[in-house]
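Listed below are the residues making up each chain.
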Amino acid sequence: MMNKKIIFKKNQASKFAYFSLMFVAGTSIEQVNELGFSHLIEHLLIRAGNEQSLNELFDMNGAAIKGETSRDYINLSGYCLAEDFNKIFKILISRIFNLSITEDELLREKKIVLIELNQYENSKKSINDNRVIFKNSSWSIDIIGTRGNIEYVSLETIYKFYIKNIQAGEFQIAIAGPSFLQSEIISIENMLPLSGSSVEINSPAFSTGLTELDKQQELSEISMYLDISGMVASSHDMAMLSILNSMLTGIKDSLLGHKLRTQKQWIYNIVSYPIFYSNMTLLKIVTITPTIYKKKLIKTLENNLVNESDLSDELLFYKTKKRVINELYINCEVNKNEYLKTICREKLFDIPSWDSIAEELELISLDEFKRFSKKAIIQNRNYHIVLN
């Protein structure tokens with residue numbers, strides 16, 4: 001069932017209602033003097049109102065709500081008993097789209113965000129990677145923003161940002177639960193404002209290269225970012241990426257685990273995962289190695305990550321595909337909030353949802369997978385390796 005701005009997924013056996021409410025926000029819509037405003041707004045959406053805050057509302061009903069800010073969005077997600085959904089969600093919608101912020105509340109959340117910023121600055125790792133792969137761009141700054149932007153933003157300025165990007169912004173809602181929620185959702189939808197018009201998205205240029213940030217450690221963390229944006233234009237492409245990612249590091253005796261751990265003994269563990277933005281897709285591979293193996297490992301990542309014979313292993317391909325299909329269905333079943341988030345993301349940014357990827361997985365042949373993987377990995381020189 002699909003309404004104007006609400007997508008409903010029936011889960012008749014559940015006693016709970018799950019939801020995701022997503023707004024176009026984050027670095028991609030912020031000006032330089034607004035960096036960090038989306039993350040600050042996320043705090044205020046959940047915590048403003050003191051005893052009338054959304055945090056308090058959900059706590060009082062034995063329910064849960066959490067906020068998340070990414071480069072592209074603010075997402076509020078959570079759950080409650082299905083029988084409480086109508087009451088709770090109507091209050092949520094009313095408060096989200098009619099937010100009242102006091103000076104004291106803004107000051108409190110600014111202090112909390114600044115503490116968060118201190119922690120990120122002290123850890124440095126993720127911030128440094130962003131500064132390298134997105135250099136000369138506002139994306140080189142973490143989503144928390146800059147100290148000056150947060151310290152000096154006024155109530156009037158943050159409220160203008162809220163009106164433009166939340167109250168009058170683009171949004172999408174996805175809800176899962178028993179079928180009786182459908183009639184309640186219709187009445188809730190009548191409370192919603194019209195979704196705002198599309199906003200201009202600022203996308204960064206990806207910076208290629210090799211950057212060593214810390215040369216003084218016995219162990220080196222090595223992260224390889226591959227820009228595969230032009231290779232994942234559809235849910236079918238995304239399904240092939242899911243198989244490739246799992247084949248690289250996600251199954252026992254994976255290609256990279258076998259090569260770098262079993263054969264070479266250069267590493268203990270290696271992981272990979274795709275990173276999705278509205279106008280960019282990256283594949284990240286990360287591992288830790290003793291300094292004595294660092295140069296050899298980098299050379300392997302640059303020149304011999306995988307070869308065509310690796311990708312021609314029919315048994316490994318079908319074993320991996322089955323694993324990806326099963327994991328996707330399990331995630332849809334047990335991780336409802338993340339599942340609903342992918343549905344919202346698909347509607348707002350055209351990034352295929354778990355549903356859309358699942359529909360394509362069985363259709364993928366070994367031959368087309370090899371062609372995709374060759375282009376994405378073997379022939380792709382658009383990468384940046386970062387050593388920490």
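Enquirer: Would you take a moment to explain the sheet that holds strand E8 (residues 270–277) for this structure?
Expert: Note on sheets: strands pair through backbone hydrogen bonds, and any given pair is parallel or antiparallel. Spatially, the 5 strands line up as an open sheet ordered E6-E10-E7-E9-E8, and their pairing is mixed. Only two strands of the sheet have a single neighbouring strand rather than two, namely strand E6 (209–212) and E8. On average, adjacent strands in this sheet sit at an angle of 15° to one another, irrespective of strand direction. One ladder, built from 5 bridges, connects strand E7 (residues 219–227) with strand E10 (residues 383–387); its direction is antiparallel. Considered in E10, the bridge of methionine 224 is made with isoleucine 385.

Enquirer: Please clarify how the sheet that holds strand E2 (residues 16–24) should be interpreted in this entry.
Expert: If you walk across this open sheet you meet the 5 strands as E1-E5-E2-E4-E3, and the pairing is mixed. Edge positions in the open sheet fall to strand E1 (6–10) and strand E3 (64–69), since each of these has one partner strand only. The sheet shows a mean angle of 15° between the axes of neighbouring strands, direction not considered. Looking at chain direction, E2 and strand E4 (residues 73–81) are connected through 9 bridges and run antiparallel. Note on E4: the bridge partner recorded for methionine 22 is asparagine 75. Where helix H8 (residues 181–189) meets the sheet, its contacts fall on E1, E2 and strand E5 (171–177), and the angle it forms with E1 comes to roughly 170°.

Enquirer: Even after reading the chapter, I still don't get the pairing of strand E9 (residues 280–290), so can you show me in this structure?
Expert: Moving residue by residue along a regular strand, the side chains alternate between the two faces of the sheet. Where burial is concerned, most of E9 is hidden: 9 out of the 11 residues are buried. Pairing of E7 with E9, which is carried by 9 bridges, proceeds in the antiparallel orientation. Looking across to E9, one finds that isoleucine 222 is bridged to threonine 287. Taken together, the 8 bridges between E8 and E9 define a ladder with antiparallel strand orientation. Counterpart to valine 271 in the pairing with E9 is valine 286. Counted between consecutive antiparallel strands, the loop separating E8 from E9 contains 2 residues.

Calculation notes
Residues numbered from 1 in each chain as written. Predicted model: local features only at pLDDT ≥ 70, side-chain atom pairs only at ≥ 80, totals over all residues. Heavy atoms only, no water. Pairing = 2+ DSSP bridges. Helix = DSSP H or I, 4+ residues; strand = E, 2+ residues; numbered from the N terminus. Axes fitted to C-alpha atoms, helices over the stretch in contact; angles between N-to-C directions. Contact = heavy atoms within 4.5 Å. Buried < 20%, exposed > 50% of the residue type's maximum accessible area, 1.4 Å probe, protein only.

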